[in-house]
Amino acid sequence: MEYSHIIIRYGELTLKSGNRNEFLKKLTKNIRYNLQGLKGFHIQTKRDRMYIHFDNNDYIDKIIEKLKHIPGIHNFSPVLRADLNIDKAKKIIDSLLNTKLDKNYTFKIQTKRSNKHFDYNTNELNNIFGSYVLVNYPNLKVNVKQPDFIINVEVRSEGIFIFTDFIKGVGGFPVNTSSKALLLLSGGIDSPVAAHTLQVKGVEVEMIHFQSPPFTSQDALNKIFDLTTKLSEVVGRVKLHVVNFTELQTEIVKRIPSNYTMTSTRRFMLRIAEEVAKKENCLAIATGESLGQVASQTLESMNCINAVTNIPILRPLLTMDKVDIIKIATDIGTLKISNLPFEDCCTIFTPKSPKTKPKLEKIVEYEMRDDYSELIKKTLTSVETYLFDKNGKVTTKNMEIEKNLQNKFSELL
């Protein structure tokens, strides 16, 4: 069947009133970005709907697949369009029903009439089109409660649009319509899903990754590059900050009692992430933590880890089941990459019996025994910043953070 249009519905975006036009501009721009390389269509943006008009149907399947993953789209429908004429609309219904003649089906006519100047009201249109189908298609029967399919008819000022399918989008808001957050990206399954979840809500997500060479390999870092590239496919470009954590992490392992090293390691990661977040004007730090999943993700552990910063910590996966997280990872294409068997710095020094209910006063006492300020400063000046798009790495630069840290970290410790 050769569809003439796709109607895109905004969902949650319709709640935005004062700045809706800016959101729609972002969404239109993002759709154009995602459909680069495809031809034979043009986009028309209206207040309550967006239309993709086709000159031909060569790329419609590819366009449908792209639209499923673009934030800001609630759902969409491939449609057939008729002029504002009942007889022409009946011919469109004939085209639609040619695919429904292989067995007995039940159907329902569902009409919406936003064009109040049209000659017939909603009930009249339901009767006209329902009667036409019953007379001309004896294998079809009406079932208004549980039909096999629904013939949707929308009468708008642009014409009569007829379709059967609502294809679900990811919803949320267009990318980068909210402020920035810095996400701790590991090589696991959860953190890329957390990044995607925030992107769907319009948050501009930058990534920070902690590596500890030679304990972590180049293959492990390449895995992070691949995840960042995958996460950039829908949103355009993503910035990744890579921290050389080796020296600081090995000192933590030497100086902190083993059952508290995991807690302390994550506290130092947050200290580093906080400084990068401030430099990059990020208003929050985000993680892929899910409550109770591992020792560092109990409420007691989170309380101890959070205590080192006043920046909000976002945990979009906090109450999600692992099965649901894996499903999202599969849908967005990160699961296969995350399952590559390369180590990360969170696993290389895992203690045999990490504290699941650490005490804040204990960890503060352990960390105050030594001065870590120079190590933190050295770690910050090692940060390498990369910019990625869907084709891979775009640019690289060394990020020198010029700040006076002399008193800063003694207060934090």
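Keep in mind it's a predicted model, so treat the numbers as computed, not measured. (Residues numbered from 1 in each chain as written. Predicted model: local features only at pLDDT ≥ 70, side-chain atom pairs only at ≥ 80, totals over all residues. Heavy atoms only, no water.)

So, a nonpolar patch on the surface
A cluster of nonpolar residues, Leu134, Val142 and Val144, forms a patch on the protein surface that exposes about 250 Å² of accessible area. Here Val142 lies in strand S6 (residues 140-142). (Patch = residues over 30% accessible without salt bridge, like charges linked within 9 Å, V, L, I, M, F, W, Y side chains within 5 Å. Areas by Shrake-Rupley, 256 points an atom, 1.4 Å probe, with all protein chains shown as cover. Salt bridge = Lys/Arg side-chain N within 4 Å of Asp/Glu carboxyl O. Helix = DSSP H or I, 4+ residues; strand = E, 2+ residues; numbered from the N terminus.)

Looking at the nonpolar core
Membership of the largest hydrophobic core comes to 48 residues, with the highest contact counts inside it found for Ile6, Ile31, Ile52, Leu67 and Ile151. With 6 residues, helix H3 (residues 86-97) is the largest single contributor of residues to this core. When neighbours within four sequence positions are excluded, Leu67 is seen to be in contact with Ile6, Ile8, Ile31, Ile52, Ile73 and Phe76. Core analysis: the second largest hydrophobic core is formed by 31 residues, Ile272, Ile285, Ile305 and Leu380 among them. (Core = buried A, V, L, I, M, F, W, Y, C linked by side-chain atoms within 4.5 Å. Buried < 20%, exposed > 50% of the residue type's maximum accessible area, 1.4 Å probe, protein only. Contact = heavy atoms within 4.5 Å.)

Concerning the domain arrangement of the protein
The assigned domain composition of the protein is domain 1 (3-168) and domain 2 (178-400). Each of domain 1 and domain 2 has a C-alpha centre, and the two are 43 Å apart. On the domain 2 side, the residues contacting the 8 residues of domain 1 number 10 residues. Interface of domain 1 and domain 2: buried area, both sides summed, is about 680 Å²; carbon and sulfur atoms make up 47% of it. Where domain 1 meets domain 2, there are 0 salt bridges. Where domain 1 touches domain 2, the interface holds 2 residue pairs in polar contact (both at pLDDT 80 or more). Here the residues of the side of domain 1 that touches domain 2 are counted per class, giving 3 nonpolar, 4 polar and 1 charged. (Domains from an automatic or database assignment. Buried area = accessible area lost by both parts, 1.4 Å probe. Polar contact = N/O pair within 3.5 Å; in protein donor to acceptor, adjacent residues only side chain to side chain. Nonpolar A, V, L, I, M, F, W, Y, C, P; charged D, E, K, R; others polar.)

Side note on the environment of Pro312
Along the polypeptide, Pro312 turns up in the loop between helix H9 (299-306) and strand S14 (313-314). For the pair Pro312 and Ile285, spaced 27 residues apart in the sequence, the C-alpha separation amounts to 6.3 Å. For Pro312, the contacting residues outside a window of four places in its chain are Leu283, Ala284 and Ile285.

Brief notes about the layout of surface pockets
The volume enclosed by the largest pocket comes to roughly 720 Å³. Of all elements in the fold, only helix H5 (190-200), strand S11 (204-211), helix H8 (261-279) and H9 reach the threshold of two or more residues within the lining of the largest pocket. Here the lining of the largest pocket takes 4 residues from H8, the largest share from any one element. Of the residues belonging to the lining of the largest pocket, the class tally is 15 nonpolar, 13 polar and 7 charged. Space inside the second largest pocket adds up to approximately 360 Å³. Contributing to the lining of the second largest pocket are 17 residues, with His69, Lys230, Glu233, Val234 and Ile332 lying nearest its centre. For the lining of the second largest pocket, the secondary-structure elements that each account for two or more residues are helix H2 (60-67), H5, helix H6 (218-235) and helix H10 (322-332). If you tally residues by element for the lining of the second largest pocket, the top one is H6, at 5 residues. (1 Å grid on protein atoms, 1.4 Å probe; cavity = no way out; pocket = protein on both sides within 12 Å on 5 of 7 lines; lining within 4 Å. Points joined across faces, edges and corners; volume = space filled by probe spheres on them.)

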